[in-house]
Structure formats: C-alpha cells, structure tokens
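Fold and geometry: a report
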Amino acid sequence: MEEEKDVYRNFYMGFSTMSYEMTMSGVESTYDFIATYGDIYSEQIEDPIPWEHLMSNDSIPYSIQQDWYKRAERKTNSQKLLLSIGLLNVARTDLQISPEGNTPVYNKMYDTHIVNAYTRYASTLIDIFNPNYVVLAMEVNDLLINAPEKWGEYKTLISIIRENIQQSFPNIALSESISLHNWITHYTQNEHELVEEIANYANMSDFVSISFYPFFKYMNTTTEFTQAFNFLQNKSEKPIAIVETNYIAETLELPSYNITIPAQETEQYVYLETLLSMAQKDNYLCVIWWAHRDYDNMISYYPDDLQELASIWSRSGLLTRDGEKRKIFYLWEEWFTKQVKNKHL
C-alpha cells in the first residue's frame, strides 16, 4: 500500500499558459515547459467581450479570434485542457466590459440578449479549443461579496447559459470558479449564510473549481494552508479542481494600495508541499499553478494604471525571471514523476 502511494498520484498537474515575456521565444518556451511538466494545462480567456458583435450576430473580429486559434493550435493529445472564461469584470462587480470599455446594457442581467451573446461567445471558444473541462465564469463568489444585489440575477443568467452549453456540448464537464481565500474569510455580516450559499452553489457544478491565492489573506503556515483545504473538502460534494493558484516567493510591495505582504521562498515551498499532499489525500481532479516562471518582463506591456496590480503574481513561478529553478521546481518535479491514476471526470 505504501509502495503504491509512492508511485501514483490522484490528480493532474499543470500550469496556465501565461508567458514570462512578450516574445515568440517566450511563448514557445512556456508551452514547451507546460508540455514537459504537466498532464493538464489551462487557457484563460479574460479579455473584454465583443458584446455588440455578439448581440448583432456579426462575426467576432478576426483580431480577437486570431489569438484563440494560435493558442488552440498548440494543444497536444497527451494533455487535458481546462478552459476558463471571464464572464465577470476584473473587479467582480458586473459583467465583463467590451473592448471599448463599456459594460453591456441590460434591465436584468439574464436578459435574452445577454444570455444569447454569452452562449455564443462561450460556444465559439469551446469549438475552437475543444477542452475537456470548462469554467464558464471566474471567481463568482466575489460578485456576491462586491455586488450582492446582482447575485440572484447572475444565478439565473448562468443557469440558462449552462443549460445551453450542456445541450451543445454534453460531454464537457462544466463549472464556475470560487475564490477560496474569499470563501473562508470573514464577511461583514451574515457570514454563515454566505459561506453555505457558496457551498450549495459550488456543488451544483460538475466539479468544484477553486482559485486560491492564500497570501492575499496573509496565510503563510502549514496549519493555515491545511485549515483552508480541510474547509474546502468539508464543503465539497463534487471533485475538487484547483484551477488557478500560486504563492509569491518574495515580499510584495503595492505602494498605491499601501499594502506590504511579507513572503519568501520557504513559505512558497511549504504552500506547494501542503497543496500537493492535500490534493493526494482528498483525490483532487487537478492542480494548476499560475504561472510557471516569473513574468516581471511582461509588466511594462500592461496599461500604466494596471501595472502595479499585474505585479502581484509576477514573482511566484517555479522558475525565476532569469529561468533559474527555485526549490519548488524540484518538489513539483518529484510529484510529477508519479504516474497519475485514471480520472473518471
């Protein structure tokens, strides 16, 4: 029995396709690394949505689709693919904006023109990428926290969209991701009710998909990490998928927000060690790390007002900006050499 535990792992391992620099060689290197050290990977589409084109039944602009097709061409038969789509805006207060920066107009969030537009958008992406798993919306519990008056309308909207997608793609497992760091922490009021509302909602999906950045809540010990994963296991009735996570390897300074989050490589290692052990114990579907290499060189490509925000995750890779291996690289490699058991989802 012990020998089997040493040989097998119960979950897929992989990365997002976030590149560490805006060059063809950087993109090639990213996909090569993902193919070498992962049996699953995620494509995350959180760009502005061309609402007007979708609503008027016009073609989605070629400039938008071109990137999707280039990414889809890199898919391999040896890896599972998880596709995450951004229905909500970055602030998680409303629907995603358009390329012109506008929130779509609606009376109710589940208006027919919104339902039809997003169904078409998600269906197009699924047709292009042909994924195994789809996250139809990201970190949806943050909408409940940030704009609770819209939560009921959102649930109606996504239930219709989910049904539409299920009818067209019956063999694809669907979910909406939950931010664990905001699920387990204190709310201003009605804490128990909100925690249970998210638990009930998450378990309506084919799998419970989780976004988790524990350093956001200053978690930095094995005990704190374990408590978070035990909470998740206790609340989940479906397979658990960690669809995006990481931990920073250096102290994070955000002067504009007056925020300092102490961190070091030792804590990063402890987090990944705990995560992989819990994934094994609780039979997770997958663990996906965002991103494989520090991407400091990408920050300058973001708009000036977003560069500081984008830097939050920039130093959390298995590799440094210069491509040097951190301690967690060897931990990841050790686990990845184990043979993954067949998953039923």
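Since we're looking at a predicted model, the values are computed, not measured.

Let's talk about the packing of aromatic side chains
Within this structure, the stated rule accounts for 27 aromatic pairs. With 4.7 Å between their ring centres and 40° between their planes, phenylalanine 33 and tyrosine 37 make a pair best called tilted. One end of the pair is phenylalanine 33 and the other is tyrosine 37, both in helix H2 (residues 24-37) and four residues apart, which spans about a single turn. By the burial criterion, phenylalanine 33 is buried, and tyrosine 37 matches it.

Side note on the packing of helix H10 (residues 222-235) against helix H11 (residues 265-281)
Contact geometry of H10 with H11 gives a least axis separation of 9 Å together with a crossing angle of 30°. The angle between H10 and H11 falls in the class roughly parallel. Considering only the axes of H10 and H11, their crossing is right-handed. Seen from H10, the contacting residues are Thr222, Phe225, Thr226, Phe229 and Asn230; seen from H11, they are Glu267, Val270, Tyr271, Thr274, Leu275, Met278 and Lys281. Residue composition of the contact of H10 with H11, by class: six nonpolar, four polar and two charged.

As for the sheet that holds strand S6 (residues 173-175)
As summarised here, the arrangement of the nine strands in space is S6-S5-S4-S3-S2-S12-S9-S8-S7, forming an open sheet in which the pairing is parallel. The sheet is open, and its two edges are formed by S6 and strand S7 (178-179), each paired on a single side. Of the pairings in the sheet, the one linking strand S3 (residues 40-45) to strand S4 (residues 80-85) comprises six bridges and is parallel in character. The residue of S4 that forms the bridge with isoleucine 45 is isoleucine 85.

Observations concerning the side chain of glutamine 44
Take glutamine 44: it is sitting in strand S3. Judged by its relative accessible area of 16%, glutamine 44 is buried. Of the polar contacts made by the side chain of glutamine 44, one reaches the side chain of glutamate 46; its length is 3.4 Å. Setting aside chain neighbours within four positions, we find glutamine 44 in contact with Arg71, Ser84, Met138, Glu244 and Trp290.

A few points about the nonpolar core
Counting residues in hydrophobic clusters, the biggest one holds 103 residues, and the most contacted among them are Tyr154, Trp183, Ile210, Tyr284, Trp289 and Trp332. Element by element, the count of residues in this core is highest for helix H5 (residues 112-129), at ten residues. Setting aside residues up to four positions removed in sequence, tryptophan 332 forms contacts with Met13, Gly14, Phe15, Tyr37, Leu272, Val287, Trp289 and Leu318. Listed in part, the 13 residues of the second largest apolar core include Leu82, Val135, Met138 and Leu285.

A look at the environment of phenylalanine 215
Here phenylalanine 215 lies in the loop between strand S8 (208-212) and H10. Taking relative accessible area as the criterion, phenylalanine 215 reaches 0% and is therefore assigned buried. C-alpha separation for the pair phenylalanine 215 and tyrosine 271, spaced 56 residues apart in sequence, amounts to 9.8 Å. Ignoring any residue separated from it by four or fewer positions in sequence, one finds phenylalanine 215 in contact with Asn246, Tyr247, Ile248, Ile261, Ile312 and Trp313.

Remarks on the pattern of salt bridges
Using the criterion set out here, one finds 17 salt bridges in the structure. Measuring nitrogen to oxygen at the nearest pair gives 3.3 Å for the salt bridge that ties glutamate 28 to arginine 74. Placement of the pair is glutamate 28 in helix H2 and arginine 74 in the loop between helix H4 (62-72) and S4, with a sequence separation of 46 residues. Classification of arginine 74 by relative accessible area gives partly exposed; the value is 25%. One salt-bridge network, held together by shared partners, links Glu250, Glu265, Asp294, Asp296, Arg315 and Arg326.

Some points on helix H9 (residues 191-202)
Here H9 contains twelve residues, and its C-alpha end-to-end distance of 17 Å stays within 8% of the 16 Å for a straight helix at 1.5 Å per residue. Taken as a whole, H9 has its buried residues at Val195, Ile198, Ala199, Tyr201 and Ala202. Turning to H9, the residues buried within the fold contact helix H6 (141-146), helix H7 (151-168), S7, helix H8 (180-183), S8 and H10.

Some thoughts on the pairing of S4
Across the six residues that make up S4, a large majority, five, are buried. Relative to strand S5 (residues 133-135), S4 runs parallel, the two sharing three bridges. By the bridge assignment for S5, serine 84 is matched with valine 135. On the question of chirality, the crossover connecting S4 to the parallel S5 by way of H5 is right-handed.

Considering the packing of H4 against H5
With their axes 9 Å apart at the nearest point, H4 and H5 run at an angle of 35° to one another. Together, Gln65, Trp68, Tyr69, Arg71 and Ala72 of H4 and Tyr121, Thr124, Leu125, Ile128 and Phe129 of H5 make up the contact between the two elements. For the contact of H4 with H5, the residue count by class is seven nonpolar, two polar and one charged.

Procedures and definitions
Residues numbered from 1 in each chain as written. Predicted model: local features only at pLDDT ≥ 70, side-chain atom pairs only at ≥ 80, totals over all residues. Heavy atoms only, no water. Phe/Tyr/Trp six-rings, centres within 6.5 Å; stacked < 30°, edge-to-face > 60°. Helix = DSSP H or I, 4+ residues; strand = E, 2+ residues; numbered from the N terminus. Buried < 20%, exposed > 50% of the residue type's maximum accessible area, 1.4 Å probe, protein only. Axes fitted to C-alpha atoms, helices over the stretch in contact; angles between N-to-C directions. Parallel < 35°, antiparallel > 145°, perpendicular 65-115°, else oblique. Left-handed = near helix turned anticlockwise from the far one by under 90°. Contact = heavy atoms within 4.5 Å. Nonpolar A, V, L, I, M, F, W, Y, C, P; charged D, E, K, R; others polar. Pairing = 2+ DSSP bridges. Polar contact = N/O pair within 3.5 Å; in protein donor to acceptor, adjacent residues only side chain to side chain. Core = buried A, V, L, I, M, F, W, Y, C linked by side-chain atoms within 4.5 Å. Salt bridge = Lys/Arg side-chain N within 4 Å of Asp/Glu carboxyl O. Expected span 1.5 Å × (residues − 1). Right-handed = clockwise from strand over helix to strand, strands pointing away.

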